[in-house]
Amino acid sequence: MTSRPLFEVDDKGIECFVEDVQFLWCSSSRARNDDECPSIAILEDPPSALEYLRDYVSVSRPCIIRNAASFRCTIPDLVRLDPQMELVVDVSPDGHADVLRRVQTSTEKNDEKVPVEDGDSNKSDCTRTIFVQPEQRCTTIESFHKQLVHQSNQRIKHKRVYSGQEPCSRVFQIIEKEEYGIDSSSEGALEDESVFYYSRQNDCLRQELTEFWKSSTTTHDTNQLPQTFAWAEEAFGTGPPQAVNLWMGNECSVSSMHKDHYENLFYVASGEKVFTLCPPADAPFLYEQECESGQFLWDADRQEWMVQLEEDANDNYSVGDPQRTRWIAADITMKHNDKYLEAFPLLKYTHPVEVKVKEGELLYLPALWFHRVTQSCETVGVNYWYDMKFESPIWTFFHLLQQLKSPT
């Protein structure tokens, strides 16, 4: 006998919840002068620790803060500083990194979910969804910048525009176990549409780019990068930043919708970042699911992108299960596409807000807020991750929402 769910909610109940979320997080925002869409609160100067805690941190409300720092830096500035500065950059076939992809692999016949092809009594081709991370390559800041200019020119030349779920329509081949160790040399020529992006997310400014960090934070002129923001640190109450990261890329790269367990302050040193934000309450409507994990690798012999599954902790792919990652399946940019909503009907209840963070502005992105990120042009950003407090009502509320299962 099938047991009834412990909790039930009808359409009216969901609509009431959606209205409450709208009122709490998405109604008090005001628009920019140059933007017709509602945005988030913009503070002309940094708030006091008390104001920041009361009005934003305690209620998990994003905001943009101006005049919090005077630091400015472009990628050409970094090239002039040290053309041979070594970087480890992300590379993907189309600029969409850390995203769910369709991957084709050979699967044994006894897998009931995979049909057997005519004329093949032993194996069949299976297409399944895998969370795929970008390939990582070593390069110099000078070479990296040349690649950014090239990929931007290619985008203009071919008039490529991202159209919703387009990246997931391309099917990639998996690298079979016996093929591990293929030549993916960083010297190999990539296909012309490959996209480079710098996003280490490992405290790279303080751990890897130490000379740049020291020179930027200890200079005596006005172009100084803050080591922290005292008013924010006091409000968070969790100490100095856990990590300070550098981000560099252009309009060709997109980070798919995700969340972080950090209080995030993102500063734009040049260019413009474009965030699409959804509050934590949208968790039941974004179709987060658990998938196998893999990584892109460029096969220099075949001259094509392949996907290699990540092995589990016991490092025995033939015995253990592949590593798995929870990631969002629905594409927030397709919310108003009726055909797309047939597959993801709950997406209509989400509360996406597009926020453009311009040069010299600081975005406060509260912990657990979902965000999709891209750039409108060549952009340099610095983000400060502060530990979040798990002993909070927001975490308790969010943790419950994550357990809710969407109907299948």
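What you see is a predicted model, and the numbers here were worked out from it, not measured in a lab.

## Focus: the nonpolar core
Part 1 of the argument: Within the largest apolar cluster, 56 residues are counted, with the highest numbers of intra-cluster contacts made by Tyr52, Phe144, Phe229, Leu246, Met248 and Leu265.
Part 2 of the argument: With residues near it in sequence (within four places) discarded, leucine 265 still touches Tyr52, Phe229, Ala232, Phe236, Leu362, Leu363, Tyr364, Val382, Asn383, Tyr384 and Tyr386.
Part 3 of the argument: Counting residues in each nonpolar core, the second largest holds 50 residues, with Trp247, Leu341, Phe344 and Leu368 among its members.

## A look at the sheet that holds strand S19 (residues 370–375)
Part 1 of the argument: Ordered in space as S4-S11-S19-S13-S17, the 5 strands form an open sheet in which the pairing is mixed. Looking at the sheet topology across the chains shown, the edges are occupied by strand S4 (96–97) and strand S17 (353–358).
Part 2 of the argument: Both strand S13 (residues 272–278) and S17 contribute to a ladder of 6 bridges, which runs antiparallel. Of the residues in S17, the one forming a bridge with valine 274 is lysine 356.

## Considerations on the pattern of salt bridges
Part 1 of the argument: Under the criterion given, the structure shown has 15 salt bridges.
Part 2 of the argument: We note a salt bridge from glutamate 290 to arginine 324, for which the minimum N-O separation is 3.0 Å. With glutamate 290 in strand S14 (residues 288–299) and arginine 324 in strand S16 (residues 324–328), this pair connects stretches of sequence that are 34 residues apart.
Part 3 of the argument: Residue classification places arginine 324 among the partly exposed positions, given a relative accessible area of 43%.
Part 4 of the argument: Each of Glu44, Arg66 and Glu361 takes part in a single network of salt bridges with overlapping partners.

## Considerations on the pairing of S19
As a general feature of sheets, a regular strand has side chains that alternate between the two faces.
Part 1 of the argument: Across the 6 residues of S19, 6 count as buried, placing the element largely inside the fold.
Part 2 of the argument: Taking every second residue as pointing to the same face, both faces of S19 are buried, with Phe370, Arg372 and Thr374 on one and His371, Val373 and Gln375 on the other.
Part 3 of the argument: Two strands pair when backbone bridges link them, and strand S11 (residues 254–258) and S19 are joined in this way by 3 bridges, in the antiparallel orientation. Of the residues in S19, the one forming a bridge with histidine 258 is histidine 371.
Part 4 of the argument: Across 6 bridges, S13 lies against S19 in antiparallel orientation.

About the criteria used
- Residues numbered from 1 in each chain as written.
- Predicted model: local features only at pLDDT ≥ 70, side-chain atom pairs only at ≥ 80, totals over all residues.
- Heavy atoms only, no water.
- Core = buried A, V, L, I, M, F, W, Y, C linked by side-chain atoms within 4.5 Å.
- Buried < 20%, exposed > 50% of the residue type's maximum accessible area, 1.4 Å probe, protein only.
- Contact = heavy atoms within 4.5 Å.
- Pairing = 2+ DSSP bridges.
- Helix = DSSP H or I, 4+ residues; strand = E, 2+ residues; numbered from the N terminus.
- Salt bridge = Lys/Arg side-chain N within 4 Å of Asp/Glu carboxyl O.

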